[in-house]
Amino acid sequence: MSTTVNRNNRTAAIMAMMGLLMLGLAFASVPLYRIFCQVTGYGGTTQRAEAAPGAQLAEGKIGVRFDANVSTTLPWKFEPVQERVQVVPGASTKILYRATNMVARPTTGQAVFNVSPAEVGKYFSKIECFCFTEQTLRGGQTVDMPVVFFVDPKVREDADTKGIDEITLSYTFYPVETGGSGS
């Protein structure tokens, strides 16, 4: 009888440990996945860089198309100033998005971004971006927000990306609750 009790106690302890481990992994999964995406570019996550490597001799230019979206709970108009550019891999490119606060009170938003096709995320690097910080607009204010980026020339060496001729950079702004501005 004591062997059965010991075995049951051991099984219960193992099951409790597994439960705690799964709970810990559940809480750690979001930050671990975010780090994984930032390191690998998985799922269209772009990279951050200090500077572009400079234009490289590569097979042609790559088109970059710009997309803009706003959550229905943020009263902004948000759009790219230009819809598409042609870039030379390795060369730094600056483009602008324009945001207008459509209400009389200040509102704050934060942009999330994505690149598609997802395979090029690890080759798309941003040097400067409004998405790195929260943006607060006064009532009725319109601002131009720059993005400085480059496409790594290695995009032409990767079997999964060498045939891609167009990349889409997409942003979606969401409201951010702040202590003083209210959004």
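Scroll up to find the structure this text is about.
Values in this document were obtained by computation on a predicted structure and should not be read as measured data.

A. Spatial organisation of the pattern of salt bridges. Within the structure shown, the criterion is met by 4 salt bridges. Its salt-bridge partner being Lys-77, residue Glu-79 comes within 4.0 Å of it at the nearest N-O pair. What makes Glu-79 partly exposed here is its relative accessible area of 32%. Measuring nitrogen to oxygen at the nearest pair gives 3.7 Å for the salt bridge that ties Lys-122 to Asp-158. Here Lys-122, found in the loop between strand S6 (107-116) and strand S7 (124-129), pairs with Asp-158, found in the loop between strand S9 (142-151) and strand S10 (166-175); they are 36 residues apart in sequence, far enough to count as distant.

B. Broad picture of the sheet that holds strand S2 (residues 62-70). Spatially, 5 strands are ordered S4-S2-S10-S6-S8 in an open sheet, and the strand pairing comes out mixed. The outermost strands of the open sheet, each flanked by one partner alone, are strand S4 (84-87) and strand S8 (135-137). Ignoring which end each strand starts from, the neighbouring axes of this sheet average 30° apart. As paired strands, S2 and S4 are joined by 4 bridges and run antiparallel to one another. Along S4, the bridge assignment pairs Arg-65 with Arg-84.

C. Structural context of the nonpolar core. Core analysis: the biggest nonpolar cluster contains 32 residues, and Phe-78, Tyr-97, Phe-130, Val-147, Phe-149 and Tyr-171 have the highest contact counts within it. Elements that contribute at least two residues to this core include exactly S2, strand S3 (76-80), S4, strand S5 (93-101), S6, S7, S9 and S10. With 5 residues, the single largest contributor to this core is S9.

D. View of the packing of aromatic side chains. Taken as a whole and judged by the stated rule, the model has 12 aromatic pairs. Their ring planes at 55° and their centres at 4.8 Å tell us that Trp-76 and Phe-173 sit as a pair that is tilted. Of the two residues, Trp-76 sits in strand S3 while Phe-173 sits in strand S10, which places them 97 residues apart along the sequence. The burial state of Trp-76 is the same as that of Phe-173; both residues are buried. Here the aromatic cluster, defined as three or more aromatic residues joined through ring pairs, consists of Phe-66, Trp-76, Phe-78, Tyr-97, Phe-113, Phe-124, Phe-130, Phe-149, Tyr-171 and Phe-173. Here Lys-126 stacks its cationic end above the ring of Phe-113, 3.2 Å away from the centre of that ring.

E. The pairing of S5, seen in detail. Bridge analysis of S3 against S5 gives 5 bridges, and the strand direction is antiparallel. Counterpart to Phe-78 in the pairing with S5 is Ala-99. Pairing of S5 with S9, which is carried by 8 bridges, proceeds in the antiparallel orientation. By the bridge assignment for S9, Ala-99 is matched with Val-143.

Rules used in this analysis
Residues numbered from 1 in each chain as written. Predicted model: local features only at pLDDT ≥ 70, side-chain atom pairs only at ≥ 80, totals over all residues. Heavy atoms only, no water. Salt bridge = Lys/Arg side-chain N within 4 Å of Asp/Glu carboxyl O. Buried < 20%, exposed > 50% of the residue type's maximum accessible area, 1.4 Å probe, protein only. Helix = DSSP H or I, 4+ residues; strand = E, 2+ residues; numbered from the N terminus. Pairing = 2+ DSSP bridges. Axes fitted to C-alpha atoms, helices over the stretch in contact; angles between N-to-C directions. Core = buried A, V, L, I, M, F, W, Y, C linked by side-chain atoms within 4.5 Å. Phe/Tyr/Trp six-rings, centres within 6.5 Å; stacked < 30°, edge-to-face > 60°. Lys NZ or Arg CZ within 6 Å of the ring centre and 35° of its normal.

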